[in-house]
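Examination of the molecular architecture
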Amino acid sequence: MSKIWVLGAGQLGAMLKHAAQPLDIELRPVETDELDTFPIADDDWITVEREHWPDTPATKQLSEHPRFLNKQLLATLADRASQKRLLDELELATAPWVDVTEAVSAEQLFDELGERVLLKQRSGGYDGKGQHWLKQDGGAAQLSVPQGWGGNCIAEQAIGFDEEVSLIGMRHRDGRMAFYPLATNLHHQGILLATVSPVASKAPLQQQAEAMLSKLMESQDYVGVMTMECFQVGDKLLINEIAPRVHNSGHWTQAGSSLSQFEAHVRAVADLPMVEPLVKAQGIMLNLIGVDYNREWLGVPGVEVFWYGKEVRPGRKVGHINLCISERAQLLASLEQLKPLMDEVYGMAIDWVVSHLD
Ligand code: AMP
């Protein structure tokens, strides 16, 4: 039986491994800083849990293996400029943007993109890192970008969105695709804080979202799970970012669906039967960001805790909590019980969740 090797050994790699085990699939996440190489067979499969990695003996071995999936697309998506160019070529709507080169002035960027302009590093930025709002100082011609960014960023128009949503889809080798219902996402300080899926009021956007992600996956002959993060502006979706992998906004599927996003990816990579994921009830995910583990969370009915075993640092994702409780009164009671066991910001997140319950 072919093994699956995963480039990267963070929490996504760990959750992929966890999903593969009951399917009798051997899946091995590999740290990107490994200096060793591994006994990878010719018929093993290689996939990723991240889109950026350093050049080490291990990453070289994995990424140069003939069965490293989606190789070309991974390179395109890892750079925001080539990602935006691909979406433009496919006529998939994104926030209007400009490739920032030495020759571009701040004035030109404001002229082209409007009065609020966000600079984003071309690679390596995530969770709101690598972003910088361009200052309006009387239309100064001089473009001031953070040190070390020169010629290595794009400028984006600020989008006045209603909400942020994401679509997670899967595509198998035979071209068949399936999708989860749109996830509605709350961000705090650039980091995902909470997800609810499905949300009935987002159902009218589902078809549009699926058509967009299908077009992208088909055009690239993609295999696996892919995530499309979008801004919702009225009844239109604009793509913010594409992640060629399982995603934080899909963690709710561990509790809320018959098929988790992790199992869906393993099935696609290992060419196991594809099924439509069934939804059990509204799924809720709260990210644990820079907070200490609290065993009392386990005393709340319906709470499923995933702790990643990482050192707790401010702004770092160290775990998540899932809830999927079909009975509304119990769900509300559990959320109320959870509130005092968490930091203040989660009170706001839980109120947001409750406002998205059907
Ligand atoms: P990113 O790192 O690109 O996923 O961005 C992190 C967060 O910054 C997003 O989830 C949005 O909340 C916000 N953001 C990113 N791009 C824009 C934009 N063009 N306009 C407004 N907000 C944005």
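Residues numbered from 1 in each chain as written. Predicted model: local features only at pLDDT ≥ 70, side-chain atom pairs only at ≥ 80, totals over all residues. Heavy atoms only, no water.

Points about helix H10 (residues 344-355)
Under the 1.5 Å per step criterion, the end-to-end length of H10 is 17 Å for 12 residues, consistent within 8% with the ideal 16 Å. If you check which residues of H10 are buried, you get Tyr-346, Gly-347, Ala-349, Ile-350, Trp-352 and Val-353. Where H10 is buried, its residues touch strand E8 (163-171), strand E10 (183-188), strand E11 (191-197), strand E14 (283-289) and helix H9 (328-338). (Helix = DSSP H or I, 4+ residues; strand = E, 2+ residues; numbered from the N terminus. Expected span 1.5 Å × (residues − 1). Buried < 20%, exposed > 50% of the residue type's maximum accessible area, 1.4 Å probe, protein only. Contact = heavy atoms within 4.5 Å.)

Points about the nonpolar core
Core analysis: the largest hydrophobic core is formed by 32 residues, its most contacted members being Ile-4, Leu-16, Leu-27, Met-170, Tyr-180, Phe-262 and Val-266. Excluding residues that lie within four positions of it along the chain, Leu-27 makes contacts with Ile-4, Val-6, Gly-13, Leu-16, Lys-17, Ala-20 and Val-266. Counting residues in each nonpolar core, the second largest holds 28 residues, with Val-196, Leu-286, Ile-325 and Ala-349 among its members. (Core = buried A, V, L, I, M, F, W, Y, C linked by side-chain atoms within 4.5 Å.)

Concerning the packing of aromatic side chains
If you walk through the whole model with that rule in mind, you get 6 aromatic pairs. Both rings, one in Tyr-293 and one in Trp-307, keep their centres 5.1 Å apart while their planes meet at 50°; by these two values the pair is tilted. With Tyr-293 in the loop between E14 and strand E15 (304-307) and Trp-307 in strand E15, this residue pair connects regions lying 14 residues apart in the sequence. For Tyr-293, a relative accessible area of 30% puts it in the partly exposed group. The residue whose ring lies beneath Arg-67 is Trp-45, and the NZ or CZ to ring-centre distance is 3.6 Å. The ring of Trp-133 has Arg-116 sitting right over it, with the charged end atom 4.4 Å from the ring centre. (Phe/Tyr/Trp six-rings, centres within 6.5 Å; stacked < 30°, edge-to-face > 60°. Lys NZ or Arg CZ within 6 Å of the ring centre and 35° of its normal.)

Things to note about the site of the ligand
As a structural note, the neighbourhood of the ligand is formed by 16 residues, with Lys-120, Gln-131, Glu-156, Ile-159 and Glu-164 the closest of them. Residue Gln-131 places a side-chain N or O atom 2.8 Å away from an oxygen atom belonging to the ligand. Contacts to the ligand include Ile-159, whose backbone N or O atom sits 2.9 Å from a nitrogen atom. Protein coverage of the free-state accessible area of the ligand, which is 480 Å², stands at 90%. For the shell around the ligand, the secondary structure elements donating two or more residues are strand E5 (117-121), strand E7 (153-157) and strand E13 (236-243). Across the shell around the ligand, the residue classes break down as 5 nonpolar, 6 polar and 5 charged. Of the domains in this structure, domain 2 (96-157) and domain 3 (163-355) are the two that each give at least three residues to the shell around the ligand. (Near = heavy atom within 4 Å. Polar contact = N/O pair within 3.5 Å; in protein donor to acceptor, adjacent residues only side chain to side chain. Areas by Shrake-Rupley, 256 points an atom, 1.4 Å probe, with all protein chains shown as cover. Nonpolar A, V, L, I, M, F, W, Y, C, P; charged D, E, K, R; others polar. Domains from an automatic or database assignment.)

Quick look at the domain arrangement of the protein chain
Annotation of the protein chain at the domain level lists domain 1 (4-68), domain 2 (96-157) and domain 3 (163-355). Distance from the C-alpha centre of domain 2 to the C-alpha centre of domain 3: 30 Å. Contacts between the two partners involve 4 residues from domain 2, matched on the other side by 5 residues from domain 3. Around 360 Å² of area is buried between domain 2 and domain 3 when both sides are counted, 31% of it from carbon and sulfur atoms. (Buried area = accessible area lost by both parts, 1.4 Å probe.)

With respect to the pattern of salt bridges
Applying the stated rule across the entire model yields 16 salt bridges. Between Arg-122 and Asp-79 there is a salt bridge, with its nearest N and O atoms 2.6 Å apart. With Arg-122 in the loop between E5 and strand E6 (131-133) and Asp-79 in the loop between helix H3 (71-77) and helix H4 (80-89), this pair connects stretches of sequence that are 43 residues apart. Note on Arg-122: relative accessible area 21%, which makes it partly exposed. Asp-79 sits in the buried class, given a relative accessible area of 18%. The salt bridge partner of Lys-339 is Glu-336, with a shortest N-O separation of 3.5 Å. For Lys-339, a relative accessible area of 22% corresponds to the partly exposed category. The exposure class of Glu-336 is partly exposed, given its relative accessible area of 48%. Connected through salt bridges with shared partners, the residues Lys-84, Lys-120 and Glu-156 form a single ionic network. (Salt bridge = Lys/Arg side-chain N within 4 Å of Asp/Glu carboxyl O.)

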